[in-house]
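Chain by chain, the residues run as shown.
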Amino acid sequence: MGSSIYGVSFSRILLLLFFSSVSVAIAALPQNPSGKSFASSASGQINSNSVLVALLDSHYTELAELVEKALLLQTLEEAVGKHNITIFAPRNEALERQLDPEFKRFLLEPGNLKSLQTLLMFHIIPKRVGSHQWPDPKTGPVKHSTLCNDHIRLSSKSSGRKTVDSAELVRPDDVIRPDGVIHGIHQLLIPRSVIEDFNKRRNLRSITAVLPEGAPEVDPRTHRLKKPAPVPVGAAPVLPIYDAMAPGPSLAPAPAPGPGGPRHHFDGESQVKDFIQTLLHYGGYNEMADILVNLTSLATEMGRLVSEGYVITVLAPNDEAMAKLTTDQLSEPGAPEQIIYYHIIPEYQTEESMYNAVRRFGKVKYDTLRLPHKVVAQEADGSVKFGHGEGSAYLFDPDIYTDGRISVQGIDGVLFPEEETESVKKPAAVKVASKPRRGKLMEMGCWMLGTVRFLEWEGPGAVNALLVG
């Protein structure tokens, strides 16, 4: 990242010299009686005791160099001149070794300067928040607006851990200055808008290469291929997704990717890998990613379906929901696959489309890859709720990944199909009351018929004897 002298970049030395000279000039000026910002002056410059100078001279060298490359120094100077700021600084390891190389190249491309600026300003809030001001675990997370007009959530766990969105606070109050504070976090925070820009640019390169074509048509009676019919370019696959799926869930780990077939114009395997990496970067969905990659071959199956032109929506339970699964629920053969199949909708849905549907129709039933079960969605508390009763789950993290073919929506619970119970029909009260009456009448009728038959058999003398008796 530029020439360096004994491990320090030349541009940073110039910046430090510049801020030092400014501090000497400011010291000669009269003090600001308003006291609005300790580090600001009438000229809008900052002194050597500013949190920005501390950031450039701190051990967060990777973040400091990204700030320089994003040309954000003037913007941050103006922010410091107006109010205190709080900077959440990722460790150098998170930017050097834990970040996807392709995503890092995307950030450093000149055409993506706006995305880089949005990413960095997402780590800064225009107010001072010390570690003692974190919300209590009982009150829940608290939202704060960032410099990129987005918001982040500060929360505390019962174990004492403090988090910023999905990143854990590892060095609270690492740098304290009169105009701001720097907290060290263990990973990079990535706003949803930057992820969408990254996915769009990646997919544009693959889409413009080859146009899609439909899947082959199969005779449902013989399950054999029909004669190939002309399929319009870009049309949906002719074969239903259930027939295109593998015969059954596999308990073996995912196989190594092989060469694609003649219709594999979409690189579905790469797209599935992208959304799984997005889940990991987003945080809180490690269990779901682990099941897809290590425990089952579902990731390969999903990639094959996307390569054939199908679209899917994944309802991804977060780690807290997955931790509630019992051993009995996961020990049966094929149980993890069946659970995940019930969370995959063979449609492309976003938060907006699902919310509009439930607002308009009340309840909506979506097909799942676990035939014949469907998942019910309805509007609740301004969001979308899936499932029934205590086994329901809310749309917790909307649009984690949306690329036009795969949509990932984070939910706060694990869904299970509603159990089908046989309804026992009880007879109505009127029928129950009429049964004894009907039996009594039948008994009287039979007695009278038997008497008449007896009299006819015995003759007129029996009638006289009956009347006399």
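Nothing here was measured: the structure is a model prediction, and the numbers come from that model. (Residues numbered from 1 in each chain as written. Predicted model: local features only at pLDDT ≥ 70, side-chain atom pairs only at ≥ 80, totals over all residues. Heavy atoms only, no water.)

1. Topic: the overall build of the chain
Here is step 1 of the chain: Along its length, the chain carries 18 helices and 18 strands.
Here is step 2 of the chain: The 469 residues of the chain split such that 42% are buried.
Here is step 3 of the chain: As displayed, the chain offers around 26,600 Å² of accessible surface, 56% of which is attributable to carbon and sulfur atoms. (Helix = DSSP H or I, 4+ residues; strand = E, 2+ residues; numbered from the N terminus. Buried < 20%, exposed > 50% of the residue type's maximum accessible area, 1.4 Å probe, protein only. Areas by Shrake-Rupley, 256 points an atom, 1.4 Å probe, with all protein chains shown as cover.)

2. Concerning unusual backbone geometry
Here is step 1 of the chain: Residue Pro 372 is bonded to the preceding Leu 371 through a cis peptide linkage, with omega at -5°.
Here is step 2 of the chain: Its location among the elements puts Pro 372 in the loop between strand S14 (363-367) and strand S15 (374-380).
Here is step 3 of the chain: A positive phi angle is found at Asp 165, which is not glycine, with a value near 55°.
Here is step 4 of the chain: Within the element layout of this structure, Asp 165 appears in the loop between strand S7 (162-164) and strand S8 (167-177).
Here is step 5 of the chain: Residue class for Asp 165 comes out partly exposed when judged on its relative accessible area of 27%.
Here is step 6 of the chain: Its identity is not glycine, yet Asp 381 carries a phi of approximately 55°, on the positive side.
Here is step 7 of the chain: Within the fold, Asp 381 resides in the loop between S15 and strand S16 (383-386).

3. Thoughts on the pattern of salt bridges
Where side chains of opposite charge bring their charged atoms close, a pairing between them can arise.
Here is step 1 of the chain: On inspection of all chains with the given rule, the structure shows nine salt bridges.
Here is step 2 of the chain: Across the pair Arg 153 and Asp 397 runs a salt bridge whose closest N-O atoms are separated by 3.6 Å. Taken together, the positions of Arg 153 in strand S6 (residues 151-156) and Asp 397 in strand S17 (residues 393-402) put the pair 244 residues apart, joining distant regions of the chain.
Here is step 3 of the chain: Residue classification places Arg 153 among the partly exposed residues on the basis of a relative accessible area of 26%.
Here is step 4 of the chain: On the basis of relative accessibility, which here comes to 5%, the residue Asp 397 falls in the buried class.
Here is step 5 of the chain: One salt bridge connects Glu 320 with Lys 157, and the closest N-O pair in it is separated by 3.7 Å. One end of the pair, Glu 320, is in helix H13 (residues 319-322); the other, Lys 157, is in the loop between S6 and S7, with 163 residues separating them in the sequence.
Here is step 6 of the chain: If you follow the salt bridges from partner to partner, you end up with Arg 153, Asp 165 and Asp 397 in one network. (Salt bridge = Lys/Arg side-chain N within 4 Å of Asp/Glu carboxyl O.)

4. Details of the packing of helix H10 (residues 268-282) against helix H12 (residues 298-307)
Here is step 1 of the chain: One way to put it is that H10 packs onto H12 with a least axis distance of 7 Å and a crossing angle of 125°. If you check the angle between H10 and H12, you find them oblique. You can see that H10 and H12 cross each other, and the crossing is right-handed. Taken together, the residues of H12 that come into contact with H10 (itself represented by Gly 268, Glu 269, Gln 271, Val 272, Phe 275 and Ile 276) are Ala 299, Met 302, Gly 303, Arg 304, Val 306 and Ser 307.
Here is step 2 of the chain: For the contact of H10 with H12, a count of residues per class yields six nonpolar, four polar and two charged. (Axes fitted to C-alpha atoms, helices over the stretch in contact; angles between N-to-C directions. Parallel < 35°, antiparallel > 145°, perpendicular 65-115°, else oblique. Left-handed = near helix turned anticlockwise from the far one by under 90°. Contact = heavy atoms within 4.5 Å. Nonpolar A, V, L, I, M, F, W, Y, C, P; charged D, E, K, R; others polar.)

5. Some details on the side chain of His 343
Here is step 1 of the chain: Tracing the chain through its elements places His 343 in the loop between helix H15 (335-341) and strand S13 (344-345).
Here is step 2 of the chain: Among the residues examined, His 343 registers a relative accessible area of 1% and is labelled buried.
Here is step 3 of the chain: Reaching out from His 343, the side chain makes a polar contact with the backbone oxygen of Ile 339 at a distance of 2.6 Å.
Here is step 4 of the chain: Once residues within four sequence positions are removed from consideration, His 343 is found in contact with Thr 313, Val 314, Leu 315, Pro 317, Ile 411, Gly 413, Val 414 and Leu 415. (Polar contact = N/O pair within 3.5 Å; in protein donor to acceptor, adjacent residues only side chain to side chain.)

6. Here's the deal with the sheet that holds strand S9 (residues 180-185)
Here is step 1 of the chain: Spatial ordering of the open sheet is given by S4-S3-S9-S8-S7-S6-S5, a layout of seven strands whose pairing is mixed. At either end of the open sheet lies a strand with only one pairing partner, and these are strand S4 (124-125) and strand S5 (142-145).
Here is step 2 of the chain: By the bridge criterion, two bridges tie strand S3 (residues 85-90) to S4 in an arrangement that is antiparallel. From the neighbouring strand, Thr 86 faces S4, where its bridge partner is Ile 125. (Pairing = 2+ DSSP bridges.)

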